[in-house]
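Architecture at a glance
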Amino acid sequence: IVSTGGEVIQGYEGTVNLPFKITPAATAAAGSSVKLEAKVTGLVCDDSSCLRVSLPTSADLTLGNTATLNAAAAGIFSDLAGSGAAAPQDPEPTASTQPAPASVTASLTAEVTSVAPGKAFQAVVTLAHQPHFHMYGKEVKPGGTGLPTKVAWKLPEGWTVEELPWPATKEIVS
């Protein structure tokens, strides 16, 4: 796909955290493990071209009687609580990152390593763009070119996900 030729878009570059609230099923059995899966789709661009991407990522959690905080990810979630928006942070290597184009990667980090049935927790999908690359925000202006960034989830039966406010986009010349 050819670049939009200097169009100003609303998008993300660098490292950005997209927050979500996940609620396990109240009937989930303690002692088992679960895999959370997310797939980010959109358009990643540099100054000369754009490419459709599909970036799968996952995280493994255990089900317990109580939640156990993910100490390695505390910085990400304290920033979320303090500002109401996801601040750029690099996650600790507790998330599973799948192969992706070198221009952008996605990883999934949960605020807990063990979840309690029916008790909500937060998770972030982190997009890490290489220099000079960007993705569109979750909305593309009417008449504009490009594809919105979307996150699709695959969760265990009975689990729910709620999108929390994403960080503000910035104007980028695409």
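Residues numbered from 1 in each chain as written. Predicted model: local features only at pLDDT ≥ 70, side-chain atom pairs only at ≥ 80, totals over all residues. Heavy atoms only, no water.

**Quick look at the nonpolar core**
- With 32 residues, the main nonpolar core has Phe121, Leu127, Val151 and Trp159 as its most contacted residues.
- Those elements giving two or more residues to this core turn out to be strand S2 (15-23), strand S3 (33-45), strand S4 (50-63), strand S7 (104-110), strand S8 (112-115), strand S9 (121-129) and strand S11 (150-154).
- If near-sequence neighbours (up to four positions away) are discounted, Val151 is found in contact with Leu18, Phe20, Ala38, Lys39, Val40, Val125 and Trp166.
- Counting residues in hydrophobic clusters, the runner-up holds six residues, among them Cys45, Cys50, Tyr136 and Ile172. (Core = buried A, V, L, I, M, F, W, Y, C linked by side-chain atoms within 4.5 Å. Buried < 20%, exposed > 50% of the residue type's maximum accessible area, 1.4 Å probe, protein only. Helix = DSSP H or I, 4+ residues; strand = E, 2+ residues; numbered from the N terminus. Contact = heavy atoms within 4.5 Å.)

**Some details on the pairing of S2**
- Pairing geometry for S2 and S9, over eight bridges, is antiparallel. Among the inter-strand pairings, Pro19 is bridged to a residue of S9, identified as Val124.
- As paired strands, S2 and strand S12 (residues 160-163) are joined by four bridges and run antiparallel to one another. Note on S12: the bridge partner recorded for Ile22 is Val161. (Pairing = 2+ DSSP bridges.)

**Details of the state of the cysteines**
- Scanning the model with the defined rule gives one disulfide in all.
- One disulfide in the model links Cys45 with Cys50; its S-S distance is 2.1 Å. Taking the sign of the S-S torsion, about 110° here, the bridge from Cys45 to Cys50 comes out right-handed. As far as the burial class goes, Cys45 and Cys50 line up, both buried. (Disulfide = S-S within 2.5 Å.)

**Side note on the pattern of salt bridges**
- Taken as a whole and judged by the stated rule, the model has four salt bridges.
- With a shortest N-O distance of 2.6 Å, Lys170 and Glu13 are connected by a salt bridge. Of the two residues, Lys170 sits in strand S13 (residues 170-173) while Glu13 sits in strand S1 (residues 8-13), which places them 157 residues apart along the sequence.
- Close ionic contact of Lys138 with Glu163 constitutes a salt bridge, the shortest N to O distance being 2.3 Å. In this pair, Lys138 is assigned in the loop between strand S10 (134-136) and S11 and Glu163 in strand S12, connecting sequence segments 25 residues apart. (Salt bridge = Lys/Arg side-chain N within 4 Å of Asp/Glu carboxyl O.)

**Thoughts on the side chain of His134**
- Looking at the element boundaries, His134 is found in strand S10.
- Residues contacting His134, with those up to four places away along its chain left out, are Ile9, Tyr12, Glu13, Leu43, Val44, Cys45, Asp46, His129, Ile172, Val173 and Ser174.

**Let's talk about the packing of aromatic side chains**
- Throughout the structure, instances matching the rule amount to three aromatic pairs.
- Residues Phe20 and Trp153 carry aromatic rings whose centres are separated by 5.1 Å and whose planes lie at 70° to one another, so their mutual orientation is edge-to-face. Of the two residues, Phe20 is situated in strand S2 and Trp153 in strand S11; the sequence distance between them amounts to 133 residues.
- When the ring of Phe121 is compared with that of Trp159, the centres are 6.5 Å apart and the planes differ by 80°; the resulting orientation is edge-to-face. With a gap of 38 residues between them, Phe121 in strand S9 and Trp159 in the loop between S11 and S12 connect regions that are remote in the sequence. (Phe/Tyr/Trp six-rings, centres within 6.5 Å; stacked < 30°, edge-to-face > 60°.)

**As for the side chain of Ser103**
- Positionally, Ser103 belongs in the loop between strand S6 (96-97) and S7.
- What makes Ser103 buried here is its relative accessible area of 8%.

**Brief notes about the confidence of the model for the protein chain**
- The pLDDT averaged across the protein chain works out to 84; a share of 85% of its residues lies at or above 70.
- S6 is the least confidently modelled element of the protein chain, averaging 38 in pLDDT, while S11 averages 98, the highest of any element. (pLDDT = per-residue confidence, 0-100.)

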